[in-house]
Amino acid sequence: MKIAVYTIALNEETFVDRWAEAAAPADYRLVADTGSTDGTIAKLQAAGVEVRSIAIKPWRFDHARNAALALLPADIDICLSIDMDEVLQPGWREALIEAWVPGTTRLRNPLEIDIGADGAAKRFFYSSRIHQRFGYEWKYPIHEVLSVAVGLQEQIATSDRLRIRHLPDDGKSRGQYLPMLAAAAAADPSDDRLAHYYGRELMFRGEHEAAIAELRRHLSLPRATWKAERSASMRFIGRCQKALGRIGEARSAYLQACAEMPEAREPWHDFAKFCMDEKDWSGGVWAATRALAITHVPTDHTRDAKAWGIGPYDVGSICAYYTGQHALAREWLTKALEYEPDNPRLIKNGGWIFDGK
């Protein structure tokens, strides 16, 4: 079985050694360089990585990745698309061979993100970027995904042992994302995925009115049927409405998010925090209780680390205290401190919550 690791790169000198070493168990390593002006190419070549230069204009991530894929030798059996700021964890090749049973065309595996100071991943979701050599191509100018060629009978395997860790350069500009998403959404206005990502990016940039309009457009699209993403769009609308001071509209959006997917913890956590901020203490306790009753952890991009960690306990402890439920407040604050024992705000809260009668 011949295995290749491939990616695209632009001025990734910082990550070259780490990426090349982690990918070393592969039979073939390929980087399609898109115009680096630093030492990326020289360092890759020194590490024994095959480097090919490509030019993609106008820029699209899918076209660049397809160009890189096309450069792989035809006799490759399995391809791993691993970005330069991602790190294959030790033992990955053995885990891949174990999971790749006859007939497999693609593999799902955990992508670890939000790495804490202790080196532990705060959250992960399942990525599907390991695939057979032929029958797949990349789709979407940004936030690209693999699409299946017509006629391919896809068979997806899963490996929890093959783990990839995302260790990005937080100082690197992502300024091109918003205009690219705007152009992509305008080019294909019927695509629900693009609408959601574009609305989310507008929210991140603080363009709240535009974000609300785009997220509502996402919800109106016939193809927008995935409840987790619909609920996320409603939560984002709630955040934007609150930022604009429209408290009633924000409350409605959060409740709609909860109703859309009551089995998800994220909307209940967001609503609990909203209630705390608005001093709706009873509402906060109710929402935090609903959140903590949910134990099925999602494995997609809608998962919120706070909702599955300190969040409901932290928010709930404050709301419980102000409703007079001091025993519950102490219980929840104790749990919050287990997540962040050195958090000065939680320690300060303990001064009055643990003294509550």
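Going by the structure above, here's the rest.
Residues numbered from 1 in each chain as written. Predicted model: local features only at pLDDT ≥ 70, side-chain atom pairs only at ≥ 80, totals over all residues. Heavy atoms only, no water.

Things to note about the pattern of salt bridges
On inspection of all chains with the given rule, the structure shows 26 salt bridges. A salt bridge links Asp270 to Arg235; its shortest N-O distance comes to 3.2 Å. Taken together, the positions of Asp270 in helix H10 (residues 265–277) and Arg235 in helix H8 (residues 227–243) put the pair 35 residues apart, joining distant regions of the chain. Across this residue pair, the class does not change: Asp270 and Arg235 are buried. (Salt bridge = Lys/Arg side-chain N within 4 Å of Asp/Glu carboxyl O. Helix = DSSP H or I, 4+ residues; strand = E, 2+ residues; numbered from the N terminus. Buried < 20%, exposed > 50% of the residue type's maximum accessible area, 1.4 Å probe, protein only.)

Structural notes on the side chain of Arg265
The topology assignment puts Arg265 in helix H10. Within the buried set, Arg265 has no salt-bridge partner at all; the shortest N-O distance to an opposite charge, 7.0 Å, is to Glu266. Of the polar contacts made by the side chain of Arg265, one reaches the backbone oxygen of Ala291; its length is 3.0 Å. A distance of 3.0 Å separates a polar atom in the side chain of Arg265 from the backbone oxygen of Ala307. For Arg265, the contacting residues outside a window of four places in its chain are Ala291, Leu292, Ile294, Ala307, Trp308 and Pro312. (Lys, Arg positive; Asp, Glu negative; His and termini not counted. Polar contact = N/O pair within 3.5 Å; in protein donor to acceptor, adjacent residues only side chain to side chain. Contact = heavy atoms within 4.5 Å.)

Comments concerning the packing of aromatic side chains
According to the stated counting rule, one finds 12 aromatic pairs in the structure shown. Their ring planes at 90° and their centres at 5.1 Å tell us that Trp268 and Trp286 sit as a pair that is edge-to-face. Taken together, the positions of Trp268 in helix H10 and Trp286 in helix H11 (residues 281–292) put the pair 18 residues apart, joining distant regions of the chain. Classification of Trp286 as partly exposed rests on a relative accessible area of 40%. Relative to Trp352, the ring of Tyr322 lies with its centre 5.9 Å away and its plane at 45°, an arrangement referred to as tilted. In this pair, Tyr322 is assigned in helix H12 (residues 311–322) and Trp352 in helix H14 (residues 344–353), connecting sequence segments 30 residues apart. Taking the relative accessible area as the measure of exposure, Tyr322 reaches 45% and is therefore partly exposed. Overall, the relative accessible area of 27% leaves Trp352 in the partly exposed class. (Phe/Tyr/Trp six-rings, centres within 6.5 Å; stacked < 30°, edge-to-face > 60°.)

Considering the state of the cysteines
In this structure the tally under the stated criterion is zero disulfides. The thiol sulfur of Cys258 is not disulfide-bonded, and the nearest other cysteine sulfur, from Cys275, lies at 8.9 Å. Here Cys319 is not cross-linked by a disulfide; its sulfur's nearest cysteine counterpart is in Cys275, at 7.0 Å. (Disulfide = S-S within 2.5 Å.)

Focus: H8
Here H8 contains 17 residues, and its C-alpha end-to-end distance of 24 Å stays within 8% of the 24 Å for a straight helix at 1.5 Å per residue. With 13 of 17 residues buried, H8 is to be regarded as a mostly interior element. Just downstream of H8 lies Gly245, where phi reads positive at about 80°. (Expected span 1.5 Å × (residues − 1).)

Considerations on the pairing of strand S1 (residues 3–9)
S1 sits mainly inside the fold: seven of its seven residues count as buried. Residues Ile3, Val5, Thr7 and Ala9 of S1 are buried on one face, and the alternating residues Ala4, Tyr6 and Ile8, pointing to the opposite face, are buried as well. As paired elements, S1 and strand S4 (residues 78–81) share four bridges and run parallel to each other. For Ile3, the partnering residue across the bridge sits in S4 and is Ile78. Two elements, S1 and strand S2 (residues 28–33), share six bridges in a ladder whose sense is parallel. Considered in S2, the bridge of Tyr6 is made with Leu30. (Pairing = 2+ DSSP bridges.)

Focus: the packing of helix H6 (residues 192–204) against H8
Between two packed helices, what matters for the description is the angle formed by their axes and the separation of those axes. It is at 10 Å that the axes of H6 and H8 come closest, and there the two elements cross at 25°. As the angle between them shows, H6 and H8 are arranged roughly parallel. Crossing handedness for the pair H6 and H8: left-handed. Side by side, H6 and H8 meet where Asp192, Arg193, His196, Arg200 and Met203 of the first sit next to Glu229, Ala232, Ser233, Phe236, Arg239 and Cys240 of the second. Across the contact of H6 with H8, the residue classes break down as four nonpolar, two polar and five charged. (Axes fitted to C-alpha atoms, helices over the stretch in contact; angles between N-to-C directions. Parallel < 35°, antiparallel > 145°, perpendicular 65-115°, else oblique. Left-handed = near helix turned anticlockwise from the far one by under 90°. Nonpolar A, V, L, I, M, F, W, Y, C, P; charged D, E, K, R; others polar.)

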